[in-house]
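# Survey of secondary and tertiary structure
Given next are the chains, with one letter for each unit.
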Amino acid sequence: MSLHAAIGIRFDRLALDARFSATNHEVVALLGPSGAGKTTILRALAGLAPLTAGRIVLDGTVFEDAATNEWVPPERRNLGVVFQDALLFPHLSVLDNVAAGLRFTGTSRVIARVRAREWLERIGIGELADAKPGVLSGGQAQRVALARALATQPRILLLDEPLSALDVTTRADVRRELRRHLNAFTGIRLLVTHDPIDALALADRLIVLEHGHIVQSGSSLDVTATPRSRYVADFVGVNWLRGTARGAAVMLAGGGTLIVPDLVPGEVFVVIHPRAVSVHRQKPEGSPRNVLPGVVVSADDEGSRVRVRLALPFPLVAEVTRASAAELELDRGGDVWVTVKATEIATYAA
Amino acid sequence: MNLRQDLMAPEILTALRLSLVCSLAATAIAIVLGLPLAWVQARVTFPGQRVLRALTTLPIVLPPVVAGVVFGRRGLVGMWLDRWFGIRLPFTTAGAALAEAFVAMPFFVLTMEGALRSVDRRLEEAARTLGASRWKVFRHVTLPLVRPSLQAGAVLAWARALGEFGATITFAGNVPGSTQTLPLAVYLALETNPDTAFVLSLVLLAVSLAVLIGLRRRWLAW
């Protein structure tokens, strides 16, 4: 089973242009900051937001094609969608909410309810079958929403920020259950989230979206190891710089030079873990090949470690122990010497 | 003349029955025509929408007598209906029901328009993704969600129709047994038998009050 999407939508200030594919062998997460267009993509796949350009094809069946005006309405796309706020029908019992999809598609009331009850047992809230959605907790509502989406045995499961409305404790539980249900589901699975933790925990492949465009796509490992956007670098928590490689040095875009082994010439991204950056008051002697003068911009206590923002003049973040931060009196700012071991600098083609 | 005799007088019973028939028919007309109208106004934007909205609310502003005259047999619209199609609604029970519907419908339409606007559209979208066609969404999601407003709007329209006087008398006339509803009977009785008029007024007052109390209870229950 495979889904091919080329989604072009103009929408207020957002110009969405994203191409991607998904198969039933993977859980795909659309990850990006809010306003990147993730939810709009999901709505387009569901048939709730019309394309202005592009097409959506599932296994050779055209769902939508802006060029030919082909369009399959949402109710005939055979989807299951889990919405951010669960969106359970307030006038129906929990049981009838789960049975709703089956009822809409022509299953008799009796059979629909039997199957809905099975789903409620499976998600562990059989005893709430007769309750109205209003009395459910956030976690329960989201479980019911998942059961409702899965009950029709859809070919595509779309999840829009399924965990973002939940508190921290519930979130971990529901995330774990969601992972289990996602693994058991045999169709296309696409998750939209702005939370990297959810994306990394639930998805096999990440598609990173910013300002309506895909900036990176790949396995969780690839994406986190080689960020191609500030957004990804920030959530991984690494220094991310861009420059031009020449010989054994990278000329950084923001000024400054780093010595790096094994360079491929050309435009590169540079990733340095904050722990690989050391800070000194005196110019150090010895092995590190990158010894640069800099200024402390700020030093933030983050529990066991201190995060030091430096200007070299390019921005760099160092993570040092509290003891050494105190010893170096980093909170008073001032001039420092910064060393980065060449072997701890990762570079890859931009 | 005592109260019991007054209440049981055949012409009064006829007027009361006619009032109920006409007002219920008017309510039915208001619902059948008003629901699509309210939906269109709440959900669709199209050229001429302002004009349509003005026309829908016009009967609230317009004195009912004027409406009756315009649509009456010698009026603007009624004349053409008669001349071209041979339709003579005035002076029939259907005409009375129509006159009442004209005056009562805005109350239903305005109530429903507000209710349809306040429905969470995302619930309807959720239903679409679960396999419901537009019609099924309306039938199984939208309609149940606006049901309290639908009931309230229908009762309001019915109450307005029950008390309708001006449009009925000018459009449908004052024919006992076919267009003479209770308010008309009150007006007529006032000139010949003030006691009867008083009793009839009490009946109308009681019915109106009962409806309003019932409506209030429903609102509170929700």
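Worth saying up front: this structure is predicted, and the values here are computed from it rather than measured. (Residues numbered from 1 in each chain as written. Chains lettered and ligands numbered in written order. Predicted model: local features only at pLDDT ≥ 70, side-chain atom pairs only at ≥ 80, totals over all residues.)

### Some thoughts on the interface of chain B and chain A
- In this assembly, 15 residues from chain B lie in contact with 15 residues from chain A.
- Among the elements of the structure, helix H7 (121-129) and helix H8 (134-162) of chain B are those that each provide at least two residues to the side of chain B that touches chain A.
- Top contributing element to the side of chain B that touches chain A by residue count: H7(B), with seven residues.
- Tallied by class, the residues present in the side of chain B that touches chain A amount to eight nonpolar, three polar and four charged. (Contact = placed C-beta atoms within 7 Å. Helix = DSSP H or I, 4+ residues; strand = E, 2+ residues; numbered from the N terminus. Nonpolar A, V, L, I, M, F, W, Y, C, P; charged D, E, K, R; others polar.)

### A word on the sheet that holds strand E14 (residues 257-259) of chain A
All names here are of chain A.
- A sheet is described by the order of its strands in space; here five strands give the open sequence E14-E13-E12-E15-E21, paired in antiparallel fashion. Here the strands that pair on one side only, and so sit at the sheet edges, are E14 and strand E21 (345-349). Strand-to-strand twist of the sheet, defined as the mean angle between neighbouring strand axes without regard to direction, takes the value 40 degrees.
- Strand direction decides the pairing type here: strand E12 (residues 239-246) and strand E13 (residues 249-252), joined by four bridges, are antiparallel. Pairing of Thr-244 across the sheet is with Met-251, part of E13. (Pairing = 2+ DSSP bridges. Axes fitted to C-alpha atoms, helices over the stretch in contact; angles between N-to-C directions.)

### Thoughts on the pairing of strand E16 (residues 277-280) of chain A
Residues and elements named next belong to chain A.
- Residues Val-277 and Val-279 of E16 are buried on one face, while the alternating residues Ser-278 and His-280, pointing to the opposite face, are not.
- Here four bridges tie E16 to strand E20 (residues 335-340), and the two strands are oriented antiparallel to one another. Note that in E20 the partner of Val-277 across the bridge is Val-340. (Buried ≥ 20, exposed ≤ 12 C-beta atoms within 10 Å, placed from the backbone.)

### Here we look at the domain arrangement of chain A
Residues and elements named next belong to chain A.
- For chain A, the assigned domains read domain 1 (2-234) and domain 2 (238-349).
- Here domain 1 and domain 2 have C-alpha centroids that lie 40 Å from each other.
- The interface of domain 1 with domain 2 comprises five residues on the first partner and five residues on the second.
- For the side of domain 1 that touches domain 2, the class distribution of residues is two nonpolar, one polar and two charged. (Domains from an automatic or database assignment.)

### Brief notes about the environment of Gly237(A)
- With respect to the helices and strands, Gly237(A) occurs in the loop between helix H8 (230-236) and E12.
- Along the chain, Gly237(A) and Asp65(A) lie 172 residues apart, while their C-alpha atoms are 40 Å from each other.

### Brief notes about the packing of helix H2 (residues 10-43) of chain B against H8(B)
All names here are of chain B.
- Running from N to C, H2 and H8 cross one another at 140 degrees; their axes reach a closest spacing of 8 Å. Judged by the angle between their axes, H2 and H8 are oblique. Here H2 runs over H8; the crossing is right-handed. Seen from H2, the contacting residues are Ser-19, Ser-23, Leu-24, Ala-26, Thr-27, Ala-30 and Ile-31; seen from H8, they are Ala-154, Ala-157, Trp-158, Ala-161 and Leu-162.
- Counted by class, the contact of H2 with H8 contains nine nonpolar, three polar and no charged residues. (Parallel < 35°, antiparallel > 145°, perpendicular 65-115°, else oblique. Left-handed = near helix turned anticlockwise from the far one by under 90°.)

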